[in-house]
Amino acid sequence: MATERTLSIIKPDATRRNLTGKINAMLEDAGLRIVAQRRMQLTTAQAQAFYAVHAERPFYNDLVSFMISGPVVVQVLEGADAVAKNRNVMGATNPADAAEGTIRKAFAESIEANSVHGSDSAENAANEIAFFFAGTDIVG
Ligand code: IDP
Ligand code: MG
């Protein structure tokens, strides 16, 4: 297994409920290291650009509104097989389908307000990390 990096976002539903620490503990317990982290308020333009791949989906405008509804915590996670490892600890997109022990099972409010984002491939991870972080922001 190669050491990888992936982009994670703690979404506004989770920051609103003060869950950053509990989610970070689950990420760390899963074997991921938080090697960069920033709390920020996304602009509409940033949320639209980040989720541009979903621009044609019926939920796109709602998703953008949700992602700017409060602060997010953007983070770079590092570890063996980090992309897949993070997807595993996140759980399924819809919390109704998420497995026990996953972040979304524990905390997600709905299929939209599902507490965390995680890159879905190594290629997307590289692009998503570069969207938020300079190389010098990341300390492995
Ligand atoms: P993922 O976050 O598990 O990778 P994606 O399909 O990439 O799921 O969708 C991106 C985000 O869009 C989801 O995390 C969720 O916040 C939102 N989303 C996905 N599907 C729906 C839906 O059917 N209704 C409302 N929001 C959705
Ligand atoms: Mg996705």
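Just above, that's the structure.
Residues numbered from 1 in each chain as written. Chains lettered and ligands numbered in written order. Predicted model: local features only at pLDDT ≥ 70, side-chain atom pairs only at ≥ 80, totals over all residues. Heavy atoms only, no water.

Remarks on the overall build of the chain
Part 1 of the reasoning: Helices and strands together make up the secondary structure of the chain, namely seven helices and four strands.
Part 2 of the reasoning: Its C-alpha radius of gyration of 14 Å places the chain within 12% of the 14 Å reference for a compact globule of 140 residues.
Part 3 of the reasoning: Each principal axis of the C-alpha distribution contributes one length, and for the chain these read about 35 × 35 × 25 Å.
Part 4 of the reasoning: By the burial criterion, 44% of the 140 residues in the chain qualify as buried.
Part 5 of the reasoning: One finds the centroid of the 13 positive side-chain charges in the chain at a distance of 5 Å from the centroid of its 16 negative side-chain charges. (Helix = DSSP H or I, 4+ residues; strand = E, 2+ residues; numbered from the N terminus. Rg over C-alpha atoms; globule rule 2.2 N^0.38 Å. Buried < 20%, exposed > 50% of the residue type's maximum accessible area, 1.4 Å probe, protein only. Lys, Arg positive; Asp, Glu negative; His and termini not counted. Charge placed at Lys NZ, Arg CZ, Asp CG, Glu CD.)

Thoughts on the environment of F66
Part 1 of the reasoning: Considering the arrangement of structural elements, one finds F66 in helix α4 (residues 60-67).
Part 2 of the reasoning: Each C-alpha atom, one on F66 and one on K11, is 8.6 Å from the other, the two residues being 55 residues apart in sequence.
Part 3 of the reasoning: Apart from residues no more than four positions distant in its own chain, F66 is found in contact with K11, P12, D13, E112 and A113. (Contact = heavy atoms within 4.5 Å.)

What to know about the pairing of strand β1 (residues 3-10)
Part 1 of the reasoning: Summarising the sheet, β1 and strand β3 (residues 72-80) pair through eight bridges and their orientation is antiparallel. Note that in β3 the partner of R5 across the bridge is E78.
Part 2 of the reasoning: Two strands pair when backbone bridges link them, and β1 and strand β4 (residues 116-118) are joined in this way by three bridges, in the antiparallel orientation. Residue pairing in the sheet places S8 in a bridge with G118 of β4. (Pairing = 2+ DSSP bridges.)

Examining the side chain of E128
Part 1 of the reasoning: Positionally, E128 belongs in helix α7 (residues 122-132).
Part 2 of the reasoning: Here E128 occupies a buried position and makes no salt bridge, while the nearest side chain of opposite charge, R87, is found at 7.7 Å.
Part 3 of the reasoning: In this structure, E128 is in contact with L7, F50, H117 and S119, ignoring residues within four places of it in sequence. (Salt bridge = Lys/Arg side-chain N within 4 Å of Asp/Glu carboxyl O.)

Concerning the environment of F132
Part 1 of the reasoning: Its location among the elements puts F132 in helix α7.
Part 2 of the reasoning: Given a relative accessible area of 6%, F132 falls into the buried group.
Part 3 of the reasoning: Distance from F132 to M1, taken between C-alpha atoms, is 26 Å for residues 131 residues apart in sequence.
Part 4 of the reasoning: Residues in contact with F132, not counting those within four places in the same chain, are L7, I9, R38, M40, L42, F50 and V74.

Topic: the site of ligand 1
Part 1 of the reasoning: Every residue close to ligand 1 is listed here: K11, Y51, H54, F59, L63, R87, T93, R104, I111, E112 and N114.
Part 2 of the reasoning: H54 is positioned such that a nitrogen or oxygen atom in its side chain is 3.0 Å from an oxygen atom of ligand 1.
Part 3 of the reasoning: Contacts to ligand 1 include N114, whose side-chain N or O atom sits 2.9 Å from an oxygen atom.
Part 4 of the reasoning: Burial of ligand 1 by the protein chains amounts to 80% of its free accessible area of 530 Å².
Part 5 of the reasoning: Counted by class, the shell around ligand 1 contains four nonpolar, three polar and four charged residues. (Near = heavy atom within 4 Å. Polar contact = N/O pair within 3.5 Å; in protein donor to acceptor, adjacent residues only side chain to side chain. Areas by Shrake-Rupley, 256 points an atom, 1.4 Å probe, with all protein chains shown as cover. Nonpolar A, V, L, I, M, F, W, Y, C, P; charged D, E, K, R; others polar.)

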